[in-house]
Amino acid sequence: MIIRRYLVKQVVTTTIVVVCLLTLIIFGAQLIKYFGRAAQGLMDATVLFNIVGYRLPEFLILILPLSFFIGLMLVFGRLYVDHEMAVLNSSGISKHRLARMLIPMTTVFLVVQMILMVWLSPWGLRQYYAVYSTQAVRTGFDLVRPQEFISAGAYTIYAGALSEDRKNLKDIFVYQRSNRADRPDVMILAKEATRIEMANNSASVVDLVLGRRYEIFPETAKYSHTEFQSYRIQIESDKESKYDANEVDGLSFGKIWKTRDDPVVASQLGWRIFTPFSMLVALILAVALSEVTPRQGRYLKLFPAILIFASMIVLMISLKTRISKGEIGIWAYPMVLLIYAVLGALFSRKQKLAPKIKKQIQRVRS
């Protein structure tokens, strides 16, 4: 019991440190990316932390398994380097018994990973899409600058002048690109434009005064021209043209389960169900790959081991794409996990298996 508490404390502490470090790196990289978009006038700077925060669960579903594996590798490696494993072995406690002691802790990490994948990550992505899609509308008017063209989703907007509250614009130009080949692009020129506050913030309603509206068919000479005294337009969110209809990362588990016959949905369903079990595979691989001599140091096998574990995650991500195309079924997810688990179990018993294999080879040769 004392040994289990000692190991659990070491692994949990190390894992949390690695999670915080990797999260900080990715969080900073995402902030830099979105700060660049805000500096170009493509995004409202006030929603930057909201956008990155909503995507945090999505980052954690990849960070947590890797961090847990690194934590196991560092703790087991230190046991070998500090001769603690030798003392435990002499006391009748093998590394496999230590692994069995860590199964309850691993199960807790598995449950946390499942909660992230089934509930938190889809919820965060739905919030992220909702906030991000409104920026195609908000940035077009909230961040418009006098005598500068602002591109926001399907719209390009220009204003010769604007009031301090950004509700009244002069010499307005709006160009809307069509997302369908059979529909025309729309260009509007007007003397004035006034924003109308609406309860629904996913679209902007604008009253235009004294202007002209053109419908233009790209790559043809065909167009139509209309003049108006007053004209109201509603600039819709760019969400549908921004995100593919088959994107299911943000769908709730209930909706995915109801439409699981679709290959794209099935790939997402299998990804959410089977990826958390990578925690158990991480425990098996860490026991097998962390064995080092005191002179080698605990970091000798860390990098190759990370590559092996990362290859499993990358392989599962590639399977996600192939399953979404209907090339294979979701059975491929547990098959990959099983293959890595079996290889890890075999490698962890190399000291017992190697002499037997050597004898068998010698018998075949003789």
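Calculation criteria
Residues numbered from 1 in each chain as written. Predicted model: local features only at pLDDT ≥ 70, side-chain atom pairs only at ≥ 80, totals over all residues. Heavy atoms only, no water. Helix = DSSP H or I, 4+ residues; strand = E, 2+ residues; numbered from the N terminus. Buried < 20%, exposed > 50% of the residue type's maximum accessible area, 1.4 Å probe, protein only. Contact = heavy atoms within 4.5 Å. Areas by Shrake-Rupley, 256 points an atom, 1.4 Å probe, with all protein chains shown as cover. Axes fitted to C-alpha atoms, helices over the stretch in contact; angles between N-to-C directions. Parallel < 35°, antiparallel > 145°, perpendicular 65-115°, else oblique. Left-handed = near helix turned anticlockwise from the far one by under 90°. Nonpolar A, V, L, I, M, F, W, Y, C, P; charged D, E, K, R; others polar. Core = buried A, V, L, I, M, F, W, Y, C linked by side-chain atoms within 4.5 Å. Phe/Tyr/Trp six-rings, centres within 6.5 Å; stacked < 30°, edge-to-face > 60°. Lys NZ or Arg CZ within 6 Å of the ring centre and 35° of its normal. Expected span 1.5 Å × (residues − 1). UniProt positions renumbered as here; feature names shortened; annotations may be inferred. Patch = residues over 30% accessible without salt bridge, like charges linked within 9 Å, V, L, I, M, F, W, Y side chains within 5 Å. Salt bridge = Lys/Arg side-chain N within 4 Å of Asp/Glu carboxyl O.

Visitor: What exactly am I supposed to notice about the overall build of the protein chain here?
Guide: Helix and strand counts for the protein chain come out as twelve helices and six strands. A buried classification covers 41% of the 366 residues belonging to the protein chain. Long-range pairs, those at least 24 residues apart, make up 61% of the contacts in the protein chain between residues at least 6 apart in sequence. Split by element, the accessible area of the protein chain, about 20300 Å² in all, is 61% carbon and sulfur.

Visitor: Explain the packing of helix H10 (residues 302–324) against helix H11 (residues 332–348) to me, please; I cannot follow it from the model alone.
Guide: Packed helices, taken two at a time, are described by the angle their axes make and the gap between the axes. Running from N to C, H10 and H11 point in directions that differ by 165°, and their axes come no closer than 10 Å. In terms of orientation, H10 lies roughly antiparallel with respect to H11. For the pair H10 and H11, the sense of crossing is right-handed. Between H10, through Ile-308, Ser-311, Met-312, Leu-315, Met-316, Leu-319, Lys-320 and Ile-323, and H11, the contact on the second element is made entirely by Ala-332, Tyr-333, Val-336, Leu-337 and Tyr-340. Looking at the contact of H10 with H11 residue by residue, the class counts come to eleven nonpolar, one polar and one charged.

Visitor: How should the nonpolar core be read in this particular structure?
Guide: A general feature of soluble globular proteins is that nonpolar side chains tend to end up buried together. Ranked by internal contacts, the top residues of the largest apolar core, which has 55 residues, are Phe-68, Phe-69, Leu-72, Phe-76, Leu-98 and Met-312. Sorting the residues of this core by element identifies helix H1 (2–39), helix H2 (48–81), helix H3 (84–90), helix H4 (95–101), helix H5 (103–142), helix H9 (278–289), H10 and H11 as the ones contributing at least two each. Take this core: its biggest share by element is 15 residues, from H2. Every residue in contact with Met-312, bar those within four places of it in the chain, is listed here: Ser-278, Val-281, Val-336, Leu-337 and Tyr-340. Counting residues in hydrophobic clusters, the runner-up holds 15 residues, among them Ala-154, Leu-169, Ile-188 and Phe-228.

Visitor: Would you mind showing me how to read unusual backbone geometry here?
Guide: Only a minority of non-glycine residues have a phi that is not negative, and only a minority of peptide bonds are not trans. Although it is not a glycine, His-83 sits at a positive phi angle of roughly 65°. Looking at the element boundaries, His-83 is found in the loop between H2 and H3. The phi angle at Leu-210 is positive, at roughly 55°, despite the residue not being glycine. Tracing the sequence through the fold places Leu-210 in strand E5 (residues 204–216). In this structure Leu-210 comes out as partly exposed when scored by relative accessible area, which is 42%.

Visitor: Can you walk me through the environment of Val-342 in this structure?
Guide: By secondary structure assignment, the location of Val-342 is in helix H11. On a C-alpha basis, the gap between Val-342 and Val-281 in space is 9.1 Å, while along the polypeptide they are 61 residues apart.

Visitor: Would you explain the packing of aromatic side chains in this entry?
Guide: Geometrically, a pair of aromatic rings is defined through the distance of the ring centres and the angle of the planes. The final tally for this structure, using the stated rule, is six aromatic pairs. Seen from their ring centres, Phe-253 and Trp-257 are 6.4 Å apart, and the 20° between their planes marks the pair as stacked. Here Trp-257 and Phe-253 lie together in helix H7 (residues 253–258), a separation of four residues that amounts to about one turn. Given the relative accessible area of 26%, Phe-253 is considered partly exposed. Here the basic side chain of Arg-55 rests over the ring of Tyr-128, its NZ or CZ set 5.1 Å away from the ring centre. A cation over an aromatic ring shows up here: Arg-260 above the ring of Trp-257, its NZ or CZ 4.2 Å from the ring centre.

Visitor: How do you make sense of the environment of Met-1 when you look at a structure like this?
Guide: Relative to the helices and strands, Met-1 is located in the segment before H1. Among the residues examined, Met-1 registers a relative accessible area of 68% and is labelled exposed. In this structure, the C-alpha to C-alpha distance between Met-1 and Met-101, residues 100 residues apart in sequence, is 8.8 Å.

Visitor: What should I look at first to understand H11 in this one?
Guide: Owing to its 3.6 residues per turn, the α-helix aligns residues three or four sequence positions apart on the same side. Taking 1.5 Å per residue, 17 residues should reach 24 Å; H11 reaches 24 Å between its end C-alpha atoms and fits that length. Those residues of H11 lying buried are Ala-332, Tyr-333, Val-336, Leu-337, Tyr-340, Ala-341, Gly-344 and Ser-348.

Visitor: Just checking my understanding: could you explain the UniProt feature "transmembrane region" (unreviewed entry) in the protein chain for this structure?
Guide: Look at the UniProt record and you will see "transmembrane region" (unreviewed entry) annotated at residues 12–32, 59–81, 102–120, 269–290, 302–319 and 331–348. Secondary structure across residues 59–81 divides into 100% helix and 0% strand, with the first and last C-alpha atoms of the span separated by 33 Å. The distance from the first to the last C-alpha atom of residues 331–348 is 26 Å, and the span holds 94% helix and 0% strand.

Visitor: Whenever I open this one, H10 confuses me. Can you help?
Guide: Relative to the 33 Å expected for 23 residues at 1.5 Å per residue, H10 spans 33 Å between its end C-alpha atoms, a close match to the ideal helical length. Check the buried side of H10 and you find it contacts H2, helix H8 (263–274), H9 and H11. Backbone geometry just after H10 places Gly-326 at a positive phi near 80°.

Visitor: It is not clear to me how a nonpolar patch on the surface should be interpreted in this structure. Could you clarify?
Guide: A contiguous nonpolar surface patch, about 690 Å² in accessible area, is contributed by Trp-331, Met-335, Leu-338, Ile-339, Val-342, Leu-343 and Leu-346. Summarising the element assignment, Ile-339 is placed in helix H11. Its relative accessible area of 44% is what places Ile-339 among the partly exposed residues.

Visitor: Help me out: how do you make sense of the pattern of salt bridges in this one?
Guide: For side chains of opposite charge, pairing can occur when their charged atoms come near one another. All chains considered together, the criterion is met by nine salt bridges. With a shortest N-O distance of 2.9 Å, Arg-213 and Glu-215 are connected by a salt bridge. Of the residues examined, Glu-215 reaches a relative accessible area of 24% and is grouped as partly exposed. One salt bridge connects Lys-320 with Asp-249, and the closest N-O pair in it is separated by 3.7 Å. Of the two residues, Lys-320 sits in helix H10 while Asp-249 sits in the loop between helix H6 (239–242) and H7, which places them 71 residues apart along the sequence. A single salt-bridge network, built from bridges that share partners, covers Arg-78, Asp-82 and Glu-84.

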